[in-house]
Amino acid sequence: MAEINVVPAGDQALALEFENRIDPEINSKVRAADYYLTKESKLKGLLETVPTYRSLLVYYDPDVWDYEELKEVLLNVEEHLKDVAIPNPETLEIPVLYGGEYGPDIDYVAEYNNLTIEEVIDIHHSSTYLIYMLGFVPGFPYLGGMSSKIATPRLENPRTQIPAGSVGIAGSQTGIYPLESPGGWRLIGRTPLKLFDPSKEDPFLPKPGHYLKFYPISEDEFESYLQA
Amino acid sequence: MQVIKVIESGPFTTVQDGGRFGYQRYGMAPAGAMDEVSYQLGNLILGNEANAASLEFTLKGPRLEILHDTALVVTGGRCVVNVNGHRKYLIFEPIEVKSGDQVDIEWITEGVRGYLAVKGGFDVPLIMQSRSTYLRGKIGGFEGRRLKGEEVLSAFQSNNSLGRALPEKQWPSYLPPFEIDVIMGPQVDFFTEEGINTFLNETFQISESADRMGYRLTGPEVVHVDKADIISDGIPLGAIQVPGHKQPIIMMKDRQTTGGYPKIATAVSYEIYRLGQAKPGDQLSFRSVSLDQAIEKKNHYNKWFQGLTEYVSQPAQGEKHFRLFIDDKSYYVSIKEID
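Residues numbered from 1 in each chain as written. Chains lettered and ligands numbered in written order. Predicted model: local features only at pLDDT ≥ 70, side-chain atom pairs only at ≥ 80, totals over all residues.

A. Region of interest: the domain arrangement of chain A. All names here are of chain A. Under the domain assignment, chain A is made up of domain 1 (5-81) and domain 2 (91-227). The straight-line distance from the C-alpha centre of domain 1 to that of domain 2 is 30 Å. On the side of domain 2, six residues touch domain 1, which itself brings nine residues to the contact. With five residues, the single largest contributor to the side of domain 1 that touches domain 2 is helix 1 (residues 24-40). Classifying every residue of the side of domain 1 that touches domain 2 by side-chain character gives five nonpolar, three polar and one charged. (Domains from an automatic or database assignment. Contact = placed C-beta atoms within 7 Å. Helix = DSSP H or I, 4+ residues; strand = E, 2+ residues; numbered from the N terminus. Nonpolar A, V, L, I, M, F, W, Y, C, P; charged D, E, K, R; others polar.)

B. How the structure looks around the interface of chain A and chain B. With 35 residues of chain A in contact, the opposing surface of chain B contributes 34 residues. Those elements that place two or more of their residues in the side of chain A that touches chain B are strand 1 (5-8), strand 2 (13-17), strand 3 (46-51), strand 4 (55-60) and strand 6 (129-134) of chain A. The element best represented in the side of chain A that touches chain B is strand 3 of chain A, accounting for five residues. Across the side of chain A that touches chain B, the residue classes tally to 24 nonpolar, eight polar and three charged.

C. Up close: the sheet that holds strand 2 (residues 12-16) of chain B. All names here are of chain B. As summarised here, the arrangement of the five strands in space is 2-3-10-5-8, forming an open sheet in which the pairing is antiparallel. Edge positions in the sheet fall to strand 2 and strand 8 (95-97), since each of these pairs with one other strand and no more. Pairwise comparison of adjacent strand axes, ignoring direction, gives a mean angle of 25 degrees for this sheet. Summarising the sheet, strand 2 and strand 3 (residues 54-58) pair through five bridges and their orientation is antiparallel. Counted as the bridge partner of Phe-12 is Thr-58 from strand 3. (Pairing = 2+ DSSP bridges. Axes fitted to C-alpha atoms, helices over the stretch in contact; angles between N-to-C directions.)

D. Molecular detail of helix 5 (residues 117-126) of chain A. Residues and elements named next belong to chain A. For helix 5, the complete set of buried residues consists of Val-120, Ile-121 and His-124. Buried residues along helix 5 cover an arc of 95 degrees about the axis, so they all sit on one side. Facing away from the buried side of helix 5, by more than 90 degrees, are the exposed residues Glu-118 and Ser-126. On its buried side, helix 5 packs onto strand 5 (91-98), helix 4 (106-112), strand 10 (173-176), strand 12 (186-190) and strand 13 (211-216). (Buried ≥ 20, exposed ≤ 12 C-beta atoms within 10 Å, placed from the backbone. Arc of directions from axis to C-beta.)

E. A look at the domain arrangement of chain B. Residues and elements named next belong to chain B. The domain boundaries assigned to chain B delineate domain 1 (2-172 + 316-336) and domain 2 (178-289). When each unit is reduced to the centre of its C-alpha atoms, the spacing between domain 1 and domain 2 is 30 Å. Contacts between the two partners involve 19 residues from domain 1, matched on the other side by 11 residues from domain 2. Elements with a minimum of two residues in the side of domain 1 that touches domain 2: helix 1 (36-45) and strand 10 (110-118). Residue contributions to the side of domain 1 that touches domain 2 peak at three residues, all from strand 10. Residues that form the side of domain 1 that touches domain 2 fall into these classes: nine nonpolar, six polar and four charged.

F. Here's a closer look at the nonpolar core. Ranked by internal contacts, the top residues of the largest apolar core, which has 108 residues, are Val-58 of chain A together with Val-182 of chain B. Among the elements that make up this core, the one with the highest residue count is helix 1 of chain A (six residues). Residues contacting Val-58 of chain A, with those up to four places away along its chain left out, are Ala-13, Leu-14, Leu-16, Leu-37, Leu-46 and Thr-49 of chain A. Counting residues in hydrophobic clusters, the runner-up holds 45 residues, among them Tyr-102, Tyr-132 and Val-167 of chain A together with Ile-139 of chain B. (Core = buried A, V, L, I, M, F, W, Y, C linked by C-beta atoms within 7 Å.)

G. Region of interest: the sheet that holds strand 19 (residues 263-267) of chain B. Residue and element names in this part refer to chain B. The strand order 12-19-16-17-14-13-20 describes a closed barrel built from seven strands, whose pairing is mixed. When the angles between neighbouring strand axes are averaged without regard to direction, this sheet yields 40 degrees. As paired elements, strand 12 (residues 178-184) and strand 19 share three bridges and run antiparallel to each other. Bridge pairing in strand 19 places Ile-183 opposite Thr-266.

H. Quick peek at the pairing of strand 4 of chain A. Residues and elements named next belong to chain A. Taking burial as the measure, the six residues of strand 4 include six buried ones, the bulk of the element. Where burial is concerned, the two faces of strand 4 agree: the one with Ser-55, Leu-57 and Tyr-59 and the one with Leu-56, Val-58 and Tyr-60 are both buried. Relative to strand 4, strand 2 runs antiparallel, the two being bridged by five bridges. The residue bridging Ala-15 from the neighbouring strand is Leu-57, located in strand 4. Relative to strand 4, strand 3 runs antiparallel, the two being bridged by five bridges. Each residue of the ladder has a partner; that of Thr-49, found in strand 4, is Val-58. Where strand 3 folds back onto strand 4 in an antiparallel hairpin, the turn is made up of three residues.

In structure tokens form, the structure reads like this:
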């Protein structure tokens, strides 16, 4: 039996914890447990879950659940999962216009890593990234799987205003800014898609535990996305 | 129906309701009223749904012009409500206002947040099942932002009868120092015994860095065993995280949903409304309770709150309450029909 632990997080939440590592295999357990609780189990009194790298925060109704009872259910979650077919994670495709005014730091990323701009783009969009979790701001995906060949340190002086949709690199991570915000990521491009659109019934494009892949588009394609 | 024009917003005023739930998995904070008790009572006093949208103001309330006859109430932090300069009302007291009336809410003298509820509740768009403003996400409330003045706010139509004023002796108390019950964990094992003792036995002060996201405390150092980083995980409401600077931060309604600092303890749910009224400079200490103790005290809290809601929700049958203003003095008058 794999290492699994449940700890209280106040009187109306608890944390289900798997092995203490950032690892796609562990994250898939989080996703499975989350799927079981939110989609499969039909358990009442579970209010909200927050899947992260290696743990699942579960908000529950203390009028329905005694902590010890819920802990018991969660400690046995892998048992419960044996007979459950968990759908395969999906891959979210994100169009990116690389370089130019939308990716003002791509030259630096190329120079820093002794690559051409085309090589940076190829390396960045040929990986498939695991969305370990969302956090920081609404719709911000924590992605795993970027090639170390394009790893680049953050800006020393963060920009005060980064447009929504900006795609950047910070150290060994890549990410997308869902909202206009300040930040120190090296910007290499921009997506015309809205990662977070509160007017939609399903407001968030990235989903925790799923995958994400970038693909390059031209300026014309970028414009036509914006008009769509 | 347009009911109110905001002339001056006050230092920090947003539209809030009970909160936006179900989206923390996508990085969306629940937001919602910081002091759930006073917020809900305000609505019930006006005969609204407990969860109707209200204005949450900080330090001082807004100055308003009434555009349509309605009723309103101010609840939460202690303050005085002036109508047309000379009519003074208490908090937790329904106020019937007429088109053209000028309403000014004075500075708060106990607590830090007040709620202005209007009959029917404010009519702002429902975004992802809530009307709460979430500033960091730039959504909800009035155009996803705080009020600046000159806004015209609408309210829903309501024919419900008004409830009753809450007598002063029953108002929630927000006097510091605050002793806050906590449940240790989820990462209490990241702290030394000395660190835990400091956390539980010493007094902390709320710093100037205190807003709807969280309160940074100052005080003695809460020492970690080793590093002050965890693999980022979910942050529950009331979580008390301690970064490398060793000063605790209490995470409130607009908190980041995930974070990488160890959480030494989590405030029990019945403490959140009081924390919502704690302000920079207030003294704070923490008391560890077991889950069983927390549940028992939560039951007391629930009964207390239910008592208040039942009291204010009762329409004043056979009773009339009104304000009399004689020579600049204000009188709260109750008349009861006798058989």
